[in-house]
Amino acid sequence: MNIRADHADDEARLIRVAERMIEERGDAISIGSLATLAGMPRARVEAIFADESALFDAIVERWFVDHTAIMEDVLASDLPPNRKMYEFFALRFRLNRERYRANPAAFKAYCELGAAQFERIRGYVDLADHYLCELIAQAQAEGAFDGLAIDRALSLINQMVLPYTLAEVLIFMDERLSEEKLGQIVDTLFAGLSAADGGARGVSGLRAA
């Protein structure tokens, strides 16, 4: 008997059952309800997932594994910085959109669960920011984002591409988002994002002519 293989098989099965519960019920899951639906003794479930937190972490890891692989592949590619940044956002946006369109109700349930447990997914958000900082540094080495500190560039870029990175935005704006528009946003970033003050803020408030 391969105990390790049996453990991995049971873990994968339990995660699939838990995902089905989220997709069908849209509510928080418990170890007890998971054991019942999986037809598995509670003690066996607890041997794999000590509590709901451990189960949630496993579900989150499964959700983000493809996103992480995309970011790492893009970062390791030999594309020029503007193409890298576009693919960094576009490939993850495409993945989210495919998931949303395949099952809108399930996608919404995952978004709600993630929002309720945001502190538990913060690590993946921080990882994305870390990789984006590396892309920004590469771009700055070739003259982009002149005069901006990396943290400042990170904040500005994240704000401008927010509809393409915040999964739940798809629920409200799916048809208004496109990879073509994202490409134009990234082109605009590389065409002019810098520390220079272009005068938009002016020097005083509005006044009558």
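Preceding this paragraph is the structure being described.
Numbers given for residues are sequential positions, taken from 1 along each chain in its written order. Restriction of local features to residues with pLDDT of at least 70 applies here, the model being predicted, together with a cutoff of 80 or more for giving and counting side-chain atom pairs; totals for whole chains, interfaces and linings are based on all residues. Each side-chain value is derived from all of the structure's non-hydrogen atoms; neither hydrogens nor water enter the calculation.

(A) Region of interest: the packing of helix H5 (residues 81–102) against helix H7 (residues 118–141). All axes here are fitted lines through C-alpha atoms, helices being fitted over the stretch that makes contact, and every angle between N-to-C directions spans 0 to 180 degrees. Runs of H or I in DSSP of at least four residues are treated as helices and runs of E of at least two as strands, each being numbered from the N terminus. Their axes nearest at 9 Å, the elements H5 and H7 cross at an angle of 160 degrees. One element, H5, and the other, H7, form an angle in the roughly antiparallel class. With respect to the hand of their crossing, H5 and H7 are arranged in left-handed fashion. Contacts between H5 and H7 involve Pro 81, Lys 84, Met 85, Phe 88, Phe 89 and Arg 92 on the former and, on the latter, Ala 128, Tyr 131, Leu 132, Leu 135, Ile 136, Gln 138 and Ala 139. The labels follow the angle: roughly parallel below 35 degrees, roughly antiparallel above 145, roughly perpendicular from 65 to 115, and oblique for the rest. Throughout, a crossing is termed right-handed when the near helix is turned clockwise from the far one, and left-handed when it is turned anticlockwise from it by less than a right angle. In what follows, a contact means two residues having at least one pair of non-hydrogen atoms within 4.5 Å.

(B) Just the nonpolar core, in detail. In these notes, a set of buried Ala, Val, Leu, Ile, Met, Phe, Trp, Tyr and Cys residues joined through side-chain atoms within 4.5 Å is what counts as a nonpolar core. The classification of residues rests on relative accessible area computed with a 1.4 Å probe and restricted to protein chains. Under 20% of the type maximum is buried, over 50% is exposed, and intermediate values are partly exposed. If you look at the biggest cluster of nonpolar residues, it comprises 63 residues, and the most contacted ones within it are Met 85, Leu 132, Phe 145 and Ile 157. Setting aside anything within four residues of it in sequence, one finds Phe 145 in contact with Met 85, Ile 136, Ala 139, Gln 140, Ile 157, Leu 189, Phe 190, Leu 193 and Ser 194.

(C) Inspection of helix H4 (residues 52–76) at higher detail. The first and last C-alpha atoms of H4 sit 35 Å apart over 25 residues, in line with the 36 Å expected at 1.5 Å per residue. Here the bend at a residue is taken as the angle between two axes, fitted respectively to the seven residues that end there and the seven that start there. Of all bends in H4, the biggest is about 40 degrees, found at Phe 64. Where H4 begins, the capping side chain belongs to Asp 51, and its oxygen is found 3.1 Å from the backbone nitrogen of Ser 53. Under the convention used throughout, the expected extent of a helix is 1.5 Å for every residue step, that is, one less than its residue count. Within 3.5 Å is the distance limit for a polar contact, defined as a pair of N or O atoms, with the added protein rule that one can donate a hydrogen and the other accept it, and that residues adjacent in sequence qualify only through two side-chain atoms.

(D) Local environment of the side chain of Thr 68. In this structure, Thr 68 sits in helix H4. Look at Thr 68 and you get buried, because its relative accessible area is 15%. Setting aside chain neighbours within four positions, we find Thr 68 in contact with Tyr 124 and Leu 127.

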